[in-house]
Amino acid sequence: MERTPRLVLEGISKGFGRTQVLEGVDLVVFPQEIVAILGPSGCGKTTLLRVVAGLETPEEGRVSLDGTDISAWPPEKRGIGFVFQDYALFPHLTVWGNVAFGLRGRDRWERARRALERVGMGGFLQRRPGELSGGEQQRVALARALAPEPPLLLLDEPFSSLDAELRASTRAEVRQILKETRTTALLVTHDQEEALSFADKLGVMREGRIEQVGPPEEVYLRPKTPFVARFLGRANLLSGEGCGRYAETVLGRVPVTEPVQGPVVVALRPEALRLRPPQGEGGPLGQVVAREFKGHDLTYRVCLPSVAEDVVVQEGPESPFRVGEWVRVAVAGAGVPLRATPHPGVRPSFLGSRGPGVARLGT
Amino acid sequence: MRGSLGSRRGGGHWVLGVPALLTGGALLVPLLYLILRALEADPAALGTIVLRPKNLALVANTLALLAGVLALSTVIAVPLAFLTTRTALRGKRLWATLLTLPLAVPGYVGAYVLLATTGPGGILPLPRLEGFGGATVVLSFVLYPYLFLGLRAALSGVDPGTEEAARTLGVGPLRAFFRVTLPQILPALLSGYLVIGLHVLGDFGTVSLLRYETFSYAIYVQYDAAFDRVYAAWLALLLLFLTGGLLLIEGGLRRRIAVARVSKGSAKKAPDVRLGRATPWAYLYLLLPLLLALVVPLVALIHLARRFPGDHLHGLGEALAHSALAAGPTALLALGMALPLAYLAVRSRSPLLRGLERLAYLGYAVPPLALGLAWIFFTLRGLPFLYGTFALWVLVLALHFVAEAVAPVRGALHQVPRRLEEVARTLGKGPVQAFFRVTFPLLWRGAAAGGAVVFVGASKELPLSLLLAPMGYRPLSVRVFSYTREAMFAEAAPFALLIVVLSAAFVGVLLWSEHLV
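Rules and cut-offs
Residues numbered from 1 in each chain as written. Chains lettered and ligands numbered in written order. Predicted model: local features only at pLDDT ≥ 70, side-chain atom pairs only at ≥ 80, totals over all residues. Heavy atoms only, no water. Pairing = 2+ DSSP bridges. Helix = DSSP H or I, 4+ residues; strand = E, 2+ residues; numbered from the N terminus. Contact = heavy atoms within 4.5 Å. Axes fitted to C-alpha atoms, helices over the stretch in contact; angles between N-to-C directions. Expected span 1.5 Å × (residues − 1). Polar contact = N/O pair within 3.5 Å; in protein donor to acceptor, adjacent residues only side chain to side chain. Salt bridge = Lys/Arg side-chain N within 4 Å of Asp/Glu carboxyl O. Buried < 20%, exposed > 50% of the residue type's maximum accessible area, 1.4 Å probe, protein only. Parallel < 35°, antiparallel > 145°, perpendicular 65-115°, else oblique. Left-handed = near helix turned anticlockwise from the far one by under 90°. Nonpolar A, V, L, I, M, F, W, Y, C, P; charged D, E, K, R; others polar. Buried area = accessible area lost by both parts, 1.4 Å probe. Phe/Tyr/Trp six-rings, centres within 6.5 Å; stacked < 30°, edge-to-face > 60°.

## Side note on the sheet that holds strand β1 (residues 7–16) of chain A
Residue and element names in this part refer to chain A. Judged by pairing direction, the sheet is antiparallel, and its four strands sit side by side in the order β2-β1-β4-β5 without closing on themselves. Of all the strands in the sheet, the pair left with one neighbour each is β2 (19–29) and β5 (68–69). Here strand β4 (residues 60–65) pairs with β5 via two bridges, running antiparallel. Opposite Leu65, over in β5, you have Thr68 as the bridge partner. Where helix α1 (residues 45–53) meets the sheet, it contacts β1, β2 and β4, and its direction lies at approximately 120° from that of β1.

## Side note on helix α6 (residues 164–180) of chain A
All names here are of chain A. With 17 residues, α6 extends 25 Å from end C-alpha to end C-alpha; this agrees with the ideal 24 Å at 1.5 Å per step. Packing partners of the buried residues in α6 comprise β3 (34–38), α4 (108–118), α5 (134–146), β7 (153–156), β8 (185–189) and α7 (192–198). Directly beyond the C-terminal end of α6, a positive phi value near 50° is found at Arg182.

## With respect to the pairing of strand β11 (residues 236–249) of chain A
All names here are of chain A. Here β11 runs beside strand β12 (residues 252–268); their pairing, made up of 13 bridges, is antiparallel. Across the sheet, Tyr246 pairs through a bridge with Pro255, a residue of β12. In this structure, the hairpin formed by β11 and β12 is closed by a connection of two residues.

## Focus: unusual backbone geometry
Positioned with a positive phi, Tyr87 of chain A is a non-glycine residue whose angle comes to about 70°. Tracing the chain through its elements places Tyr87 of chain A in the loop between β6 (81–83) and α3 (95–100).

## A word on the side chain of Arg6 of chain A
Residues and elements named next belong to chain A. The residue Arg6 is located in the segment before β1 in this model. A distance of 2.8 Å separates the side chain of Arg6 from the backbone oxygen of Pro151, its partner in a polar contact. Beyond its immediate chain neighbours, meaning those up to four positions away, Arg6 contacts Val29, Phe30, Pro31, Ser64, Leu65, Asp66, Pro151 and Thr184.

## Comments concerning the pattern of salt bridges
On inspection of all chains with the given rule, the structure shows 26 salt bridges over all chains. Two residues, Arg62 of chain A and Asp69 of chain A, come together in a salt bridge whose shortest N-O distance is 3.9 Å. With relative accessibility at 39%, the residue Arg62 of chain A sits in the partly exposed group. Across the pair Arg167 of chain B and Glu76 of chain A runs a salt bridge whose closest N-O atoms are separated by 2.6 Å. Within this pair, whereas Arg167 of chain B is found in helix α7 (residues 160–168), its partner Glu76 of chain A is found in helix α2 (residues 75–78), the two belonging to separate chains. A single burial state applies to Arg167 of chain B and to Glu76 of chain A, both of which are buried. Through salt bridges that share partners, Lys14, Arg50 and Glu56 of chain A together with Glu164 of chain B make up one connected network.

## Re the packing of helix α4 (residues 92–100) of chain B against helix α12 (residues 279–305) of chain B
Residues and elements named next belong to chain B. At their nearest, the axes of α4 and α12 sit 9 Å apart, and the two run at 30° to each other. The orientation of α4 relative to α12 falls into the category roughly parallel. Judged by the twist between their axes, the crossing of α4 over α12 is left-handed. Along its contact with α4, which presents Trp95, Leu98 and Leu99, the element α12 presents Tyr283, Leu286, Leu287, Pro289, Leu290 and Leu294. A per-class count over the contact of α4 with α12 returns nine nonpolar, no polar and no charged.

## Some remarks on the interface of chain B and chain A
The partner chain A presents 25 residues to the 25 residues of chain B that form the contact. In this assembly, chain B packs against chain A so that about 2200 Å² is buried in total across both faces, 60% of it on carbon and sulfur atoms. For the pair chain B and chain A, the number of links is two salt bridges. The partner of Arg50 of chain A in a salt bridge is Glu164 of chain B, and the shortest N-O contact between them spans 2.5 Å. Counting the contacts that link chain B with chain A gives four residue pairs in polar contact (both at pLDDT 80 or more).

## Remarks on the environment of Leu152 of chain A
All names here are of chain A. Tracing the backbone shows Leu152 in the loop between α5 and β7. Taking the C-alpha atoms as reference, Leu152 lies 27 Å from Val228; in sequence the two are 76 residues apart. Non-local contacts of Leu152, meaning those with residues more than four positions away in its chain, are made with Leu7, Val52, Leu65, Ile80, Gly81, Thr184, Ala185 and Leu186.

## Regarding the sheet that holds strand β18 (residues 336–338) of chain A
Residue and element names in this part refer to chain A. Read across the sheet, three strands follow the order β11-β12-β18 without closing on themselves; strand pairing throughout is antiparallel. Edge positions in the open sheet fall to β11 and β18, since each of these has one partner strand only. This sheet shows a mean twist of 55° between the axes of neighbouring strands, independent of strand direction.

## Concerning the packing of aromatic side chains
Residue and element names in this part refer to chain B. On inspection of all chains with the given rule, the structure shows 19 aromatic pairs over all chains. Ring centres of Phe82 and Phe177 lie 5.4 Å apart, and the angle between their planes is 80°; this geometry places the pair in the edge-to-face category. Placement of Phe82 in helix α3 (residues 53–86) and of Phe177 in helix α8 (residues 173–202) is noted, with a sequence separation of 95 residues between them. On the basis of relative accessibility, which here comes to 16%, the residue Phe177 falls in the buried class.

Right, here's the structure in full:
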């Protein structure tokens, strides 16, 4: 991969009235990279895309495309493609007319046809958008944005209006098309699975800031903040005392992925814990308070007398424990030490005291 | 459908079917009779009747007026609609309401104001505008609100995402408006043109006061002065053909530009365009039609009314009573016709019964003079006891206005899910009972609005009242018309003022409370 960035965002800030939506966002996207920005609704991710496209003007910060500062350019000069969440197809034009809209020159209709064939919509040229299903509209919107071969394609929650079954297959197809056309893409979504499976690089956004950027595996396995740990999947957050390669917690000694000293919060994925019968060794005693069978696995919620929050444990489908039974919770994997959340007003102490121990958002 | 009112299985079929069929017949039969009557003419004489150069001039005049009014009202309404929806101007909803009020000024009152204020002896130092120019100006300023309201609704319904999509595809803001937004509001433009076109073809008061010879004017002259019935019937028929042509053209164009909103979910609101240094000009553009179509007429009417001889004042109460006496029963009758038509159109499975509602629009589209003449011929030959009666006047008024009652009732009916009636049926109510206990209470607001619209429309209606009001009845509209024709402007003023003030108040309240603006 070349090392000249396609898109560079530096210190982007944007507010609407009194609410600050973006607070100093930095981001780098390299050519042919697919980057996903993941965050809960209202975290500012759509605004970020609109700033990149030129549909919103930031108060501060700089947008550069291929080394050129385009901060002051209107959207039509930027040539950045945009797939809108609700597709925004032109209802008065045919499918073909929609895709040819952004093209110039004599061969525009031919190029539009090729773009539609690439997304499997070659047989729908003369249809009106109103006659298409959601999935078909989505393909047309993608073809329309891709046809002018933009240096950068922005996708705003592109799969959110499709039903669950269609979503996964469309996602895979779109990713393949983007890779085949060597398109550089920036996608925003609130769906963890989508972000993890779609992106080469993942950024997690919260309240107008990007908290962590990296390859999806790294962000998932080595979250840096409690928010990232919980937003990307279920995580048990345990406070303890760092002693080098391990930390002392209520679950006993937990190996950590990097050396720590002093007070620390450690994130442990449910699959890093195991349940054992109460007679044996290993881990503190607790009582099963909930059991959720999901076919491929089984999730327990265990109440430990010494801990305010329930602990979540994921076992194989044949795990025998029942609600009400006493069990021992044993550590079977490594925990990730977290740095304190950078947001003022949100103290790390909330981790141990209130709220459910497991955050499962956006499922 | 099963088991609800108006269905075969429900047994309540004929409860609504019979009145609906009667209404449909009343709308259709006299027109068919008009055609038969016209065809009775001696074939040799027919050539001289239809092909006289006079008719060609009438066609040319009528079409010229149509084109002129459509063009001028477009120039007025399109910028107004844009300014009151998509810009950062203050008080957009208030402006929109005020700018819709000229709808309350009947064309003949507009013509009266023009005649009374301009030319020699007028209170404004302007040359008198008569004929084509005068008729175009007056009709444009009283009819543009139809276009304005439709365009406003369409503009706020356009997905602003489509304009943004165009921007990301390399198209600048102005071109994005013309290439993306304007095509999406074409259907609204077309609907507005149709409504305005029907009013222009049907207009009688304006053209006859301003002495511009169109079909309506010629028909009335034939009927009133020359009384050549066969020629009058033929003129009415030619006018009907013209109306039919307008409907066909509109229908054809509509099929081509059908536009359905694609995006689902709630409409995003487009960001308001800031006008910068053009802002004062924008306010001026909003103010100008208001001044010309509302303020000037009102001031002129008040000024003229002050010259009105005081001892004529009792005539005012009498005229008001005559108008209300016709408009009240008309509103009730039109509502009685509209309820079955609307209900069957929404709920019936029978194409015949569903289609009856279309006939209601026939009553609206047919120029009132043609409708009135058709009924006169029909009753003279077939139902002579009805001719010249109060009942016939009210009946024809109701037939003309029934479409204006159908629309709101139909709208309300769409808000009442059929399931509610089905629930009532499962709770042991018969179809008729289910309708009156569940459906009717939910649509009475729509029905009331429809009835009120008909009441106001009928109380200022001119051509039908002129033809059909029985001896001794002289409603407001007829008095304004006959005084103005005699150039007795001061005498006409209080009647005209009453019409404008009452209907403006009504239109304003209706628009505001129904959130039409």
